[in-house]
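If you want the building blocks of each chain, they are given just below.
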Amino acid sequence: YNSIPVQVFLAFVIYALYALVLAVSLIPAVALLALVLRAFAAINWHIDLKHILVLAAAVAVSVYLYFIWGAVWMAFLIRLIMLGVKPGKYPKASLTTLRWLIQGGIHTIAMRSILPYIPVSFFCTLYFRVCGARIGKNVYINSNLVSDAYLLSLEDGVIIGGGAEVSCHIMEREYLILSPIRIGADSLIGTGAYISPGVSIGSRCTIGARCYIRRGVRIPDGSVYTVLSGLPMRQVHDLEKGRSQ
């Protein structure tokens, strides 16, 4: 783990793997463009509005194919790599941590190039389901900052707001800690909230914008959590005394 040559070697191997993952993700898109260009070559095409529109449409459809096929392919790889990994505490220099790092890199590719363009959609939910998340009906995910989906449970009607971060892992000293997160039915995770590993949120809860929920916290049904910054001190005092909503 502390050997520079080993770190360099692993970096080259892992980034080569990422390049291969990206190449496979692009196969349908590149195949479509190749077919269109071959058809153009056969008719000895020239630059005019009609051909430009056809080529532009082909590029757009290719991007669409990358979003769909890439999401499914990368999610499948993440599920495969993390198969059998259970919640627990793992040393940094361990096979489990290495597997977690590799799947994290694949998820980052999806997080940067696919998920921002398919939020709150069937394909976004499909990505996390294929990764291993247990997701109920009418769940809407408007954030690409959801990691370790194989340890995540979202019950019916859950909404995850834009920019909310749901993370089932934490690096603590020399250890990787993996701990599941459960969000109960009809609960709302507000914009920019952070849900730490091991958190269990009950049904019909509201976690307000920018809230930070500490590791391992159990939130009962119907709870409302909000940040107090920006409120007048008198209103904060009333909230603490339960005299105001």
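Before any of the text, the structure's been laid out above.
Residues numbered from 1 in each chain as written. Predicted model: local features only at pLDDT ≥ 70, side-chain atom pairs only at ≥ 80, totals over all residues. Heavy atoms only, no water.

1. With respect to the overall build of the chain
Where we set the bar: Going along the chain from the N terminus, every DSSP run of H or I of four or more residues is numbered as a helix, and every run of E of two or more is numbered as a strand. In this setup the radius of gyration rests on C-alpha atoms only. A globule is expected at 2.2 Å times the number of residues raised to 0.38. Note on exposure labels: buried denotes an accessible area under 20% of the residue type's maximum, exposed denotes more than 50%, and partly exposed covers the range between, all computed with a 1.4 Å probe on protein chains only. Contacts are residue-level and defined by heavy atoms, with any inter-residue pair within 4.5 Å sufficient. Each accessible area is a Shrake-Rupley estimate made with a 1.4 Å probe; only the visible protein chains count as cover when residues are assessed. Counted as positive: Lys and Arg. Counted as negative: Asp and Glu. His and the chain ends are not counted at all. The atoms used to mark charge sites are NZ of Lys, CZ of Arg, CG of Asp and CD of Glu.
For the chain, the helix and strand inventory stands at five helices and 17 strands. For 245 residues, the compact-globule formula gives about 18 Å, and the C-alpha radius of gyration of the chain, at 22 Å, lies well above that figure. In terms of principal-axis extent, the alpha carbons of the chain reach across some 80 × 50 × 30 Å. Here the chain, with 245 residues, has 41% of them falling under the buried criterion. Across the chain, the fraction of contacts at a sequence separation of at least 24, relative to all contacts at a separation of at least 6, is 43%. Accessible surface, the chain as shown: approximately 13800 Å² in total, 65% of it carbon and sulfur. Taking the average place of the 21 positive charges on the side chains of the chain and the average place of its 11 negative ones, the gap between the two points comes to 4 Å.

2. Some remarks on the packing of helix α2 (residues 49-81) against helix α3 (residues 95-113)
Stated formally: Axes here refer to lines fitted to C-alpha atoms; in helices the fit is confined to the stretch in contact. Angles between the N-to-C directions go from 0 to 180 degrees. Every angle not falling under 35 degrees, over 145, or within 65 to 115 is termed oblique; those three ranges are roughly parallel, roughly antiparallel and roughly perpendicular. Crossing handedness follows the turn of the near helix against the far one: under a right angle anticlockwise gives a left-handed crossing, and clockwise gives a right-handed one. Only Asp, Glu, Lys and Arg are considered charged in this grouping, and only Ala, Val, Leu, Ile, Met, Phe, Trp, Tyr, Cys and Pro are considered nonpolar; every other residue, Gly among them, is considered polar.
Where α2 meets α3, the axes come as close as 9 Å, and the angle between the chain directions of the two elements is 165 degrees. Compared by their axis directions, α2 and α3 come out roughly antiparallel. Considering only the axes of α2 and α3, their crossing is left-handed. Residues Tyr66, Phe67, Met74, Leu77, Ile78 and Ile81 of α2 form the contact with α3, whose own contacting residues are Arg99, Ile102, Gln103, Ile106, His107, Ile109, Ala110 and Ser113. Each residue belonging to the contact of α2 with α3 can be placed in one class, and the counts come to ten nonpolar, three polar and one charged.

3. Section: the sheet that holds strand β16 (residues 218-219)
This is how the line gets drawn: A pair of strands counts as paired when DSSP detects no fewer than two bridges linking them.
Spatial ordering of the open sheet is given by β2-β5-β10-β13-β16, a layout of five strands whose pairing is parallel. Both outer strands of the open sheet, β2 (134-135) and β16, are each paired with one neighbouring strand and no more. Sheet topology note: the strand β10 (residues 181-183)/strand β13 (residues 200-201) ladder contains two bridges and is parallel. Note on β13: the bridge partner recorded for Ile183 is Ile201.

4. Regarding the packing of aromatic side chains
The geometry of an aromatic ring pair comes down to the distance between the two centres and the angle between the two planes. Applied cut-off: The rule is short: rings of Phe, Tyr and Trp, with Trp giving its six-membered ring, pair when the centres are within 6.5 Å, and they are stacked under 30 degrees, edge-to-face over 60, tilted in between.
Inspection of every chain in the model, using the stated rule, returns seven aromatic pairs. Note on Trp69 and Trp73: the rings are 6.1 Å apart at their centroids and 15 degrees apart in plane angle, and the pair reads as stacked. Taken together, the residues span about one helical turn, with Trp69 and Trp73 both in helix α2 at a distance of four residues. Centre to centre, the rings of Tyr194 and Tyr212 are 5.5 Å apart; their planes meet at 15 degrees, and the pair counts as stacked.

5. Describing the side chain of His107
Topologically, His107 is positioned in helix α3. The buried category is assigned to His107, whose relative accessible area is 9%. Non-local contacts of His107, meaning those with residues more than four positions away in its chain, are made with Ile78, Leu115, Tyr127, Phe128, Asn144, Val146 and Ser147.

6. Structural notes on the environment of Ala29
Position of Ala29 relative to the elements: it lies in helix α1 (residues 4-42). Residues Ala29 and Ser62 lie 33 residues apart in sequence; the distance between their C-alpha atoms is 4.1 Å.

7. A look at the sheet that holds strand β1 (residues 88-91)
The strand order across the open sheet formed by three strands is β1-β9-β8, and the pairing between neighbours is antiparallel. Every other strand in the sheet has two partners, leaving β1 and β8 (169-172) as the edge strands with one partner each. Adjacent strand axes in the sheet meet at a mean angle of 25 degrees, parallel and antiparallel pairs treated alike. Across four bridges, β1 lies against strand β9 (residues 175-178) in antiparallel orientation. By the bridge assignment for β9, Pro91 is matched with Tyr175.

8. Thoughts on unusual backbone geometry
For residues besides glycine, phi is generally negative; the peptide bonds are generally trans as well. With a phi angle near 55 degrees, Arg173 is a residue other than glycine that sits in the positive phi range. Of note, Arg173 is situated in the loop between β8 and β9. Looking at Arg173, the relative accessible area reads 76%, which means it is exposed. Positive phi, normally seen in glycine, also occurs at Asp186, with a value near 60 degrees.

9. Brief notes about the environment of Phe122
Relative to the elements of secondary structure, Phe122 occurs in helix α4 (residues 122-131). A C-alpha to C-alpha distance of 9.7 Å links Phe122 and Ile141, two positions 19 residues apart in sequence.

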